[in-house]
Amino acid sequence: MPCLYCEFTGTVVASDRVLRRCFERFQLKEIFLSFNGGKDCTALLDITINILQDIYKRKDIAKDLKIVYIRTKGPFKEIEEFVKLVEKHYDAKLMVSCGDMKETLQRILDLDGNLQACLMGTRRTDPYCQDLKFMQKTDPNWPQIIRVSPLLNWSYHQIWSYILQRKVPYCCLYSIGYTSIGSTQNTLPNPYLEHKHSSGTKLYHPAWFLADGSLERAGRSTLSHQTTNGHANDQNINACDLCVSTNGV
């Protein structure tokens, strides 16, 4: 069954508190949001912009939010197109940076000396993230910045319930069975969403049909093992023609 009606009100309230605390502690120019086109940072971006609009009483505040699209090696063209749509939908400008997270973070900090905090869509179910705090410094061997993770306690199903119920734009790869998106070199549709058409053709249900959220990374291969987001982590492919849906159907 699709996870369209998973309760997320409490988690939104908790995330709201974390973000408002962040915006009280840091000026807007001292914060950037890390974006990769995935479902989690997509939900985070929507929540963040809604809160900023409330704080600053400006509908166009997204223009002032620093958003960095971290382009993976071998990106999906659907992710690239989705990034363009995000800019148009929120009237925002995304800075593009290539490379792994550690290199990218250092480059970003070198370019912008104002930055003190980074908003991330990390959840506790992500690899090596179960013990993270909502706000904490990066590890000593990393470029130093405060990681802000408002979605830590969100579940896979709550993320999708939020996106679908709030009609948040999302990358169309999720509509054809992808549940956790890396690069074209190591990401496939989730095998637990596979089903057969009456003609015998192999198809995949949308990401929100995944019954067991702990299986969201089942489509990821282990071709590479690298460090991302300040923690050890591992990171084809015919996809759809459309690059976003906003109605959840």
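Residues numbered from 1 in each chain as written. Predicted model: local features only at pLDDT ≥ 70, side-chain atom pairs only at ≥ 80, totals over all residues. Heavy atoms only, no water.

What follows covers the side chain of D126. In this fold, D126 is placed in the loop between β4 (117-119) and β5 (135-137). Among buried Asp, Glu, Lys and Arg side chains, D126 stands out as unpaired, with R123 the closest opposite charge at 4.5 Å. A polar side-chain atom of D126 sits 2.8 Å from the main-chain amide nitrogen of R123. (Helix = DSSP H or I, 4+ residues; strand = E, 2+ residues; numbered from the N terminus. Buried < 20%, exposed > 50% of the residue type's maximum accessible area, 1.4 Å probe, protein only. Lys, Arg positive; Asp, Glu negative; His and termini not counted. Salt bridge = Lys/Arg side-chain N within 4 Å of Asp/Glu carboxyl O. Polar contact = N/O pair within 3.5 Å; in protein donor to acceptor, adjacent residues only side chain to side chain.)

Any pair of aromatic rings gets described here by the distance separating the centres and the angle formed by the planes. What the rule picks out here adds up to 8 aromatic pairs. Both rings, one in W160 and one in Y170, keep their centres 5.4 Å apart while their planes meet at 85°; by these two values the pair is edge-to-face. Separated by 10 residues along the polypeptide, W160 in helix α5 (residues 156-165) and Y170 in strand β7 (residues 170-171) bring together distant segments of the chain. Residues W160 and Y170 agree in their burial class; the two are buried. Relative to Y174, the ring of W160 has its centre 5.1 Å away and its plane inclined at 75°; by these criteria the two rings are edge-to-face. Of this pair, W160 sits in helix α5 while Y174 sits in the loop between β7 and β8 (194-196); the two residues are 14 residues apart in sequence, bridging distant segments of the chain. Residues W160 and Y174 agree in their burial class; the two are buried. The structure contains a cluster of three or more aromatic residues connected by ring pairs, namely W160, Y170, Y174 and W208. (Phe/Tyr/Trp six-rings, centres within 6.5 Å; stacked < 30°, edge-to-face > 60°.)

Counted according to the given criterion, the structure contains 0 disulfides. We note that C171 lacks a disulfide partner, and the nearest cysteine sulfur, in C172, lies 4.9 Å from it. Owing to a relative accessible area of 0%, C171 belongs among the buried residues under this scheme. (Disulfide = S-S within 2.5 Å.)

Turning next to α5. Across the 10 residues of α5, 9 count as buried, placing the element largely inside the fold. Of the surrounding elements, those touching the buried residues of α5 are α1 (9-25), α2 (39-56) and β7. Where α5 ends, the next residue or the one after it, K167, has phi of about 55°, a positive value. (Contact = heavy atoms within 4.5 Å.)

Most of strand β1 (residues 31-35) sits inside the fold, with 5 of its 5 residues counted as buried. The two faces of β1 match: I31, L33 and F35 on one face and F32 and S34 on the other face are all buried. Where β1 lies against β4, 3 bridges are found, and the strand directions are parallel. Looking at the pairing, I31 lines up with A117 of β4. Relative to strand β2 (residues 66-71), β1 runs parallel, the two sharing 4 bridges. In the sheet register, L33 faces β2, and the bridge partner there is I67. (Pairing = 2+ DSSP bridges.)

Within the structure shown, the criterion is met by 14 salt bridges. Among the salt bridges present, the one from D40 reaches R123, with a minimum N-O distance of 3.0 Å. Taken together, the positions of D40 in helix α2 and R123 in the loop between β4 and β5 put the pair 83 residues apart, joining distant regions of the chain. Residue D40 shares its accessibility class with R123, and that shared class is buried. Ionic pairing is found between R123 and E216, a salt bridge with its closest N-O pair at 2.7 Å. You can see R123 sitting in the loop between β4 and β5 and its partner E216 sitting in the loop between β9 (202-204) and β10 (226-228), a full 93 residues away along the chain. Taken as a pair, R123 and E216 share a single burial class, namely buried. Overlapping salt bridges, with partners in common, bring together D16, R20, D54 and K57 in one network.

It is at 10 Å that the axes of α1 and α2 come closest, and there the two elements cross at 55°. Taken as axis vectors, α1 and α2 run oblique relative to one another. Where α1 crosses over α2, the handedness of that crossing is right-handed. Residue-level contacts link D16, L19, R20 and F23 of α1 to L44, I47, T48, I51, L52, D54 and I55 of α2. Of the residues contributing to the contact of α1 with α2, the split by class is 7 nonpolar, 1 polar and 3 charged. (Axes fitted to C-alpha atoms, helices over the stretch in contact; angles between N-to-C directions. Parallel < 35°, antiparallel > 145°, perpendicular 65-115°, else oblique. Left-handed = near helix turned anticlockwise from the far one by under 90°. Nonpolar A, V, L, I, M, F, W, Y, C, P; charged D, E, K, R; others polar.)

So, on to the environment of P127. By the secondary structure assignment, P127 is in the loop between β4 and β5. Exposure remark for P127: the relative accessible area of 22% places this residue in the partly exposed category. In the structure, P127 is positioned 90 residues away from R217 in sequence and 9.9 Å away in space, judged by C-alpha atoms.

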